[in-house]
Amino acid sequence: MIEFTPESSSLPSVLQAPVTLRRCRLTRTDTDGTVAEYIFDQPSVTLGALEDNDLVVDDDKVSRYHARIYLEGEEFSIQDLQSVGGTWVNRVRVRDAFLKSGCVIRIGNTQFRFSALSEKVDIQPSEQTSLGPLVGQTEAMRRLFSAVQKVAPTGATVVLEGETGTGKEVVARTLHQLSHRAGQTFIVFDCGAVQQGLIESELFGHEKGSFTGALASRQGLFEMAHGGTIFLDEIGELALDLQPKLLRALEQREIRRVGGNRPIKIDVRVLAATNRDLVAEVKAGRFREDLFYRLGVVRLRLPSLRERRDDVAILARHMLATGAFNRQGDHQRVKGVAHDAAEALRAYEWPGNVRELSNVIERACSFAEGDFITLDDLPDHIAGSTQVRSRKVETQATEPLRPSAPTPLLTDQPFKIAKDAWMATFERDYLANLLGRHSGNLSQAAREAEVDRKHFRRLARKYNLLPSRDGEDEEE
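Overview of the structure. Please read all numbers here as calculations on a predicted model, not as lab measurements.

1. Remarks on unusual backbone geometry
Outside of glycine, negative phi angles account for most residues, and trans bonds account for most peptide bonds.
For step 1, the next point in the chain: For Trp-350, which is not a glycine, the phi torsion comes out positive at approximately 55°.
For step 2, the next point in the chain: You can see Trp-350 is positioned in the loop between helix H10 (339-347) and helix H11 (353-367).
For step 3, the next point in the chain: Here Trp-350 falls in the buried class, since its relative accessible area comes to 0%.
For step 4, the next point in the chain: Here the phi dihedral of Glu-450 falls at roughly 55°; this positive angle occurs in a residue that is not glycine.

Encoded structure:
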């Protein structure tokens, strides 16, 4: 088991604290004096004669699936799996018992000495600013990179906690890719996107005729993920009546299809994610405590984007470099983000986190006309998140937002010339007033005028109401 112990810090506690690695060791001494040692870091270890056990025991007196050692809270326990010869701890036959370091376990004619191992590993910030698809230069993210690298090879069950859009699925995929299961299946299941009545069939499969519409037997996702990893997104949405079945899959490493009686052995690593506070859900009775402890072998909290504002710029550059929306042949169409736009992105609160940032960057690319995303290319609610735009307007050499004096009727001029002059004055005053009312926000002014934004910008530049950009013509 791996857990994070909270410490006082401005950083999220699960990223600041040291890691405690809990493992169990079984030591067997043969009659000829040969010593064999087995160390396991997963929360459940099965012992038996068949090859799909975690520890295969070559002993005629050992049942096919004889016993299971598992972690419950802070303690290791052993459970007899209805074996023929029984499971013995310190010469006492047990059905289910706590294990202490130094005790002797006997199954059949084979004895093991049990030891509980606990190792504190300090999680130091990684020197990397990326890990697979994960990107970040803040200390919180670099600690997360270190934790993921420590956890991934262990095979431990992991719960990823954090707000919507923080990248929990990306972290789950990274854990899978850095594990020994990397070449196997990775399956994603969103517990909140499927009707509760269908979740059991989706996860565990069903037999023909088990319910109306079950015209044939069907594998569930756990069977399909055999040998690989299953990622259960929004695990907090799982109904209470389904939670014991998931618990059984985690503890026994077996499932039963809907309408079936035959247990099916599975070898699957489970990763889960939630944007809920599972501790509060347990206290409220909406989430089983025993399932919480089974899932929470490792709990990693992903920081929100507003907690790591210094990562916004590097994330934006990464999205521009890797996003298919910004490809023009073999090259990036947009090369980067202008300084004032980057300042606005950093100042925004990002309630949708990295997912929202990705959408904003893709949208800005579609508006960008040069090599860089500018303030005008950003949505209004983000472009107005700082005083950048107002400072920009205030420092203009001209005074574009001040309407001109009324123009007298030019009756001494030909009609067409007088009309054009009057229209030009009207356009300038109309645009200047609108821009002044919206503090220079081009998009809001264009929306009120019910004019296409690009056309509005051309008119504003025609009358010197907006400053020219470097390397960009006045007329488009």
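2. Concerning the nonpolar core
One recurring pattern in soluble globular proteins is that nonpolar side chains are buried together.
For step 1, the next point in the chain: Counting residues in hydrophobic clusters, the biggest one holds 30 residues, and the most contacted among them are Leu-203, Phe-222, Ile-230, Leu-232, Ile-235, Leu-246 and Leu-295.
For step 2, the next point in the chain: Among the elements of the structure, strand S16 (186-190), helix H4 (196-204), helix H5 (221-224), strand S17 (229-233), helix H6 (243-252), strand S20 (269-274) and helix H8 (289-295) are those that each provide at least two residues to this core.
For step 3, the next point in the chain: In terms of residues, this core owes the most to one element, H6, which gives 4 residues.
For step 4, the next point in the chain: With residues near it in sequence (within four places) discarded, Leu-232 still touches Phe-189, Cys-191, Leu-203, Leu-246, Val-270, Leu-271, Ala-272 and Ala-273.
For step 5, the next point in the chain: One finds Val-135, Ile-314, Ala-341 and Leu-375 within the second-largest nonpolar core, a separate group that totals 26 residues.

3. Details of H6
For step 1, the next point in the chain: With respect to burial, H6 is a largely interior element, 7 of its 10 residues being buried.
For step 2, the next point in the chain: Within two residues after H6, Arg-253 carries a phi angle of roughly 55°, on the positive side.

4. Overview of the packing of helix H15 (residues 442-449) against helix H16 (residues 453-462)
Pairs of packed helices are described in terms of their axes, by the angle between the two and the distance that separates them.
For step 1, the next point in the chain: The interhelical angle for the contact between H15 and H16, taken along N-to-C directions, is 105°, at an axis separation of 9 Å. One finds that H15 runs roughly perpendicular with respect to H16. Residue-level contacts link Leu-442, Ser-443, Ala-445, Ala-446 and Ala-449 of H15 to Arg-453, Phe-456 and Arg-457 of H16.
For step 2, the next point in the chain: Of the residues assigned to the contact of H15 with H16, the class counts are 5 nonpolar, 1 polar and 2 charged.

5. Digging into the packing of aromatic side chains
For step 1, the next point in the chain: Taken as a whole and assessed by the stated rule, the structure comprises 5 aromatic pairs.
For step 2, the next point in the chain: Ring geometry for Phe-186 against Phe-231: centres 6.4 Å apart, planes inclined by 20°, an arrangement best described as stacked. Here Phe-186, found in strand S16, pairs with Phe-231, found in strand S17; they are 45 residues apart in sequence, far enough to count as distant.
For step 3, the next point in the chain: Judged by its relative accessible area of 16%, Phe-186 is buried.
For step 4, the next point in the chain: Note on Phe-204 and Phe-222: the rings are 5.6 Å apart at their centroids and 20° apart in plane angle, and the pair reads as stacked. With Phe-204 in helix H4 and Phe-222 in helix H5, this pair connects stretches of sequence that are 18 residues apart.

6. Remarks on the sheet that holds strand S7 (residues 75-80)
For step 1, the next point in the chain: The sheet built from 5 strands is open, its strands ordered S5-S4-S6-S7-S10 with mixed pairing. Only two strands of the sheet have a single partner each, and these edge strands are strand S5 (55-56) and strand S10 (96-99).
For step 2, the next point in the chain: Pairing of S7 with S10, which is carried by 4 bridges, proceeds in the antiparallel orientation. Bridged to Gln-79 within S10 is Asp-96.

7. A closer look at the side chain of Gln-252
For step 1, the next point in the chain: Mapped onto the elements of the fold, Gln-252 is located in helix H6.
For step 2, the next point in the chain: Filtering out sequence-adjacent residues up to four positions away, Gln-252 remains in contact with Arg-68, Gln-79, Leu-81 and Lys-265.

8. So, the pairing of S17
Regular strands show a simple pattern: their side chains alternate between the two faces of the sheet.
For step 1, the next point in the chain: Where burial is concerned, most of S17 is hidden: 5 out of the 5 residues are buried.
For step 2, the next point in the chain: Residues Thr-229, Phe-231 and Asp-233 line one face of S17 and the alternating positions Ile-230 and Leu-232 line the opposite face, and both faces are buried.
For step 3, the next point in the chain: Taken together, the 5 bridges between S16 and S17 define a ladder with parallel strand orientation. Looking at S17, one finds that Val-188 is bridged to Phe-231.
For step 4, the next point in the chain: As paired strands, S17 and S20 are joined by 4 bridges and run parallel to one another. For Leu-232, the partnering residue across the bridge sits in S20 and is Ala-272.

9. Some details on helix H2 (residues 139-151)
For step 1, the next point in the chain: Compared with the 18 Å implied by 1.5 Å per residue over 13 residues, the 18 Å span of H2 between its first and last C-alpha is a close match.
For step 2, the next point in the chain: Among all positions of H2, only Ala-140, Met-141, Arg-143, Leu-144, Phe-145, Ser-146, Ala-147, Val-148 and Val-151 are buried.

10. Here's the deal with the sheet that holds strand S15 (residues 158-161)
For step 1, the next point in the chain: Within the open sheet, the 5 strands sit side by side as S16-S17-S20-S15-S21. Their pairing is parallel. Looking along the sheet, the strands with just one partner apiece sit at the ends: S16 and strand S21 (298-301). Neighbouring strand axes in the sheet, compared pairwise and without regard to direction, differ in orientation by 20° on average.
For step 2, the next point in the chain: The sheet strands contacting H2 are S15, S20 and S21, and the helix crosses S21 at an angle near 160°.

Reading the values: the criteria
- Residues numbered from 1 in each chain as written.
- Predicted model: local features only at pLDDT ≥ 70, side-chain atom pairs only at ≥ 80, totals over all residues.
- Heavy atoms only, no water.
- Helix = DSSP H or I, 4+ residues; strand = E, 2+ residues; numbered from the N terminus.
- Buried < 20%, exposed > 50% of the residue type's maximum accessible area, 1.4 Å probe, protein only.
- Core = buried A, V, L, I, M, F, W, Y, C linked by side-chain atoms within 4.5 Å.
- Contact = heavy atoms within 4.5 Å.
- Axes fitted to C-alpha atoms, helices over the stretch in contact; angles between N-to-C directions.
- Parallel < 35°, antiparallel > 145°, perpendicular 65-115°, else oblique.
- Nonpolar A, V, L, I, M, F, W, Y, C, P; charged D, E, K, R; others polar.
- Phe/Tyr/Trp six-rings, centres within 6.5 Å; stacked < 30°, edge-to-face > 60°.
- Pairing = 2+ DSSP bridges.
- Expected span 1.5 Å × (residues − 1).

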